[in-house]
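Overview (structure and organization)
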Amino acid sequence: DAAAGRAVEWAKPGPCAKGTPGRAAASSSQPAAPAAPAAQPSGLSLDERYELCLSIGEECVQADELRRLLEKKPNPVCYDGFEPSGRMHIAQGVMKALNVNKLTKSGCIFKFWVADWFAYLNNKMGGDLKKIRKVGEYMIEVWKAIGMDMDRVEFHWTSEEINSRSAEYWPLVMDIARVNNLKRIIRCSQIMGRAESDETGGVNLNLSAAQIMYPCMQCADIFFLKADICQLGMDQRKVNMLAREYCDQCKPKRKNKPVILSHHMLSGLLQGQEKMSKSDPNSAIFMEDSEAEVRTKIKKAFCPPQQLEGNPCLEYVQYVIIPWSGSFTVERKEENGGNRTYTDFADVAADFESGALHPGDVKPALAKALNVILQPVRDHFANNKQAAQLLKTVRSYKT
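Every chain begins its residue count from 1, and numbering advances along the sequence as written. For this predicted model, a pLDDT threshold of at least 70 governs which residues receive local features, and a threshold of 80 or more governs which side-chain atom pairs are given and counted, while totals over whole chains, interfaces and linings are taken from all residues. The basis for the side-chain values is all heavy atoms of the structure; hydrogens and waters are excluded.

**With respect to helix α8 (residues 166-179)**
Secondary structure elements follow DSSP: runs of H or I of four or more residues count as helices, runs of E of two or more count as strands, with numbering from the N terminus. Between the first and last residue of a helix there are one fewer steps than residues, each counted as 1.5 Å, and that sum is the expected span. Over its 14 residues, α8 runs 20 Å from end to end, which matches the ideal 20 Å to within 8%, given 1.5 Å per residue. Here α8 has its buried residues at Y169, L172, V173, D175 and I176. Burial along α8 is one-sided: seen end-on, the buried residues are contained in an arc of 165°. Of the residues in α8, the exposed ones pointing more than 90 degrees away from the buried face are A167, M174 and R178. Throughout, a residue-residue contact means that at least one pair of heavy atoms, one from each residue, lies within 4.5 Å. Where α8 is buried, its residues touch α5 (116-121), α7 (158-164), α10 (209-224) and α11 (237-249). Classification of residues uses two cut-offs on accessible area relative to the type maximum, computed with a 1.4 Å probe and protein chains only: under 20% is buried, over 50% is exposed, and between them is partly exposed. Picture the helix axis, draw a direction to every C-beta atom, and the arc is the one those directions span.

The structure is reproduced here in structure tokens:
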């Protein structure tokens, strides 16, 4: 029936959404190669590495290419770029740490592209590069505090890397710009949080010239960092696809296209908010929010009874709580159903849709679970003087 179908759709053990439960919706150009029987240097078999990589994504382009990559290369390079543009929300903090830890466990090397120049191009922090640098340092501090495994993680600052290898970088950017028309580049506007169309539905000509450069540069980053896998959000899909297209446009053609492994984007906490916003503190849980702030935000959050779709509280349970903690515990009086611990989101979804689990049950349990996850971050910024000063400085900036 329809209810059961929706419950199954939400039944994922890790941070993924559409497609096969528990793994990315995989686009494949041909059947996957048979599994290699030997274990990889990571200690996992090819099948285990492949499934672990797929489990982080909402979409994989292409699944067969991912499998061949893992089979041939013990330590593929994954990449994600981020603009240092304000405080870190829980998706960028906890979900990113989950994804990175899974990929490094599968043997990958993860390269973070600390995109200070991109934040400048996109006019973040008022174009103040010193402020942008401080925000980047704060974000790295948060990931260390939450428990990201740093053994196979590298942080590369855009300004430093491009300046040191400019003869390699800028010809690549120019060639990408040369082979693409303006319309194709503007289609990538979503990656900057900008619309590709204006109010009338026409091409958005209000973008700055810097915002036309931006997609060409982000596309170049993938090749500049020698990334095998682009592990970014679904909102970055269009520029990642641009990179795959460029592999066929450049001369000589690039044989190995980057695999795209896109993760789910959490919606905002309030009704009608499709995404979280750093400029609206009530739209998301931030990584160093106090216990009281978390409880207040979750209490105000949109959580309509028996409705799964568009329910941010359930999204937090699905993509943050169960993947990170392994379970979700609801505490109730016996006459209201008693305590229950869920380890599978399918059961949460089924109970919520039937009415057996009420928003009044979910919200206090969600706030409690979030506060447990965030406590190490709070402790770090409270007890480490350098980190505390960094946070105080970032909080003083207008986003």
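Next comes the rest of the account.
**Here's the deal with the environment of K297**
Along the chain, the position of K297 falls in helix α12 (residues 291-300). Measuring from C-alpha to C-alpha, the distance between K297 and S283 comes to 8.2 Å, with 14 residues separating the pair along the chain. Non-local contacts of K297, meaning those with residues more than four positions away in its chain, are made with L269, P281, N282, A284, I285, F286 and D289.

**Notes on unusual backbone geometry**
What you tend to see is this: most non-glycine residues have negative phi, and most peptide bonds are trans. Omega for the bond connecting V61 with Q62 falls within 30 degrees of zero, at -5°, which places this linkage in the cis form. Relative to the assigned elements, Q62 resides in the loop between β2 (59-61) and α3 (63-72). For K226, which is not glycine, the phi torsion reads 55° and is therefore positive. Looking at where K226 falls in the secondary structure, it is placed in the loop between α10 and β6 (229-230).

**Thoughts on the state of the cysteines**
Cysteine sulfurs are considered disulfide-paired once they come within 2.5 Å of each other. Summed over all chains, the structure comprises 0 disulfides. For C108, which is in no disulfide, the shortest distance to another cysteine sulfur is to C78 and amounts to 3.7 Å.

**Points about the packing of helix α6 (residues 129-146) against helix α16 (residues 385-395)**
What describes two packed helices is the angle between their axes and the distance between those same axes. The interhelical angle for the contact between α6 and α16, taken along N-to-C directions, is 130°, at an axis separation of 10 Å. Accordingly, the angle class assigned to the pair α6 and α16 is oblique. With respect to the hand of their crossing, α6 and α16 are arranged in left-handed fashion. Residues K134, V135, E137, Y138 and E141 of α6 lie in contact with α16, whose contacting residues are A387, L390, L391 and V394. Axes, fitted as lines to C-alpha atoms, cover a helix only where it is in contact. Angles between the N-to-C directions of the axes lie from 0 to 180 degrees. Each angle is binned into one of four classes, with values under 35 degrees roughly parallel, values over 145 roughly antiparallel, values of 65 to 115 roughly perpendicular, and all other values oblique. Two helices cross in a left-handed way if the nearer one is turned anticlockwise from the farther one by less than a right angle. They cross in a right-handed way if the turn is clockwise.

**Some remarks on the pattern of salt bridges**
Any Lys or Arg side-chain nitrogen found within 4 Å of a carboxyl oxygen on Asp or Glu counts as a salt bridge. Summed over all chains, the structure comprises 23 salt bridges. For D248, the salt bridge is made with K257, and the minimal N-O distance between the two is 2.8 Å. Residues joined in a network through salt bridges with shared partners are R87, E288, D289, K297 and R395.

**Some details on the packing of helix α15 (residues 359-383) against α16**
Direction vectors running N to C along α15 and α16 enclose 100°, while the axes themselves pass 5 Å from each other. Compared by their axis directions, α15 and α16 come out roughly perpendicular. Facing α15, whose interface residues are H380, F381 and N383, α16 presents K385, A387, A388 and L391.

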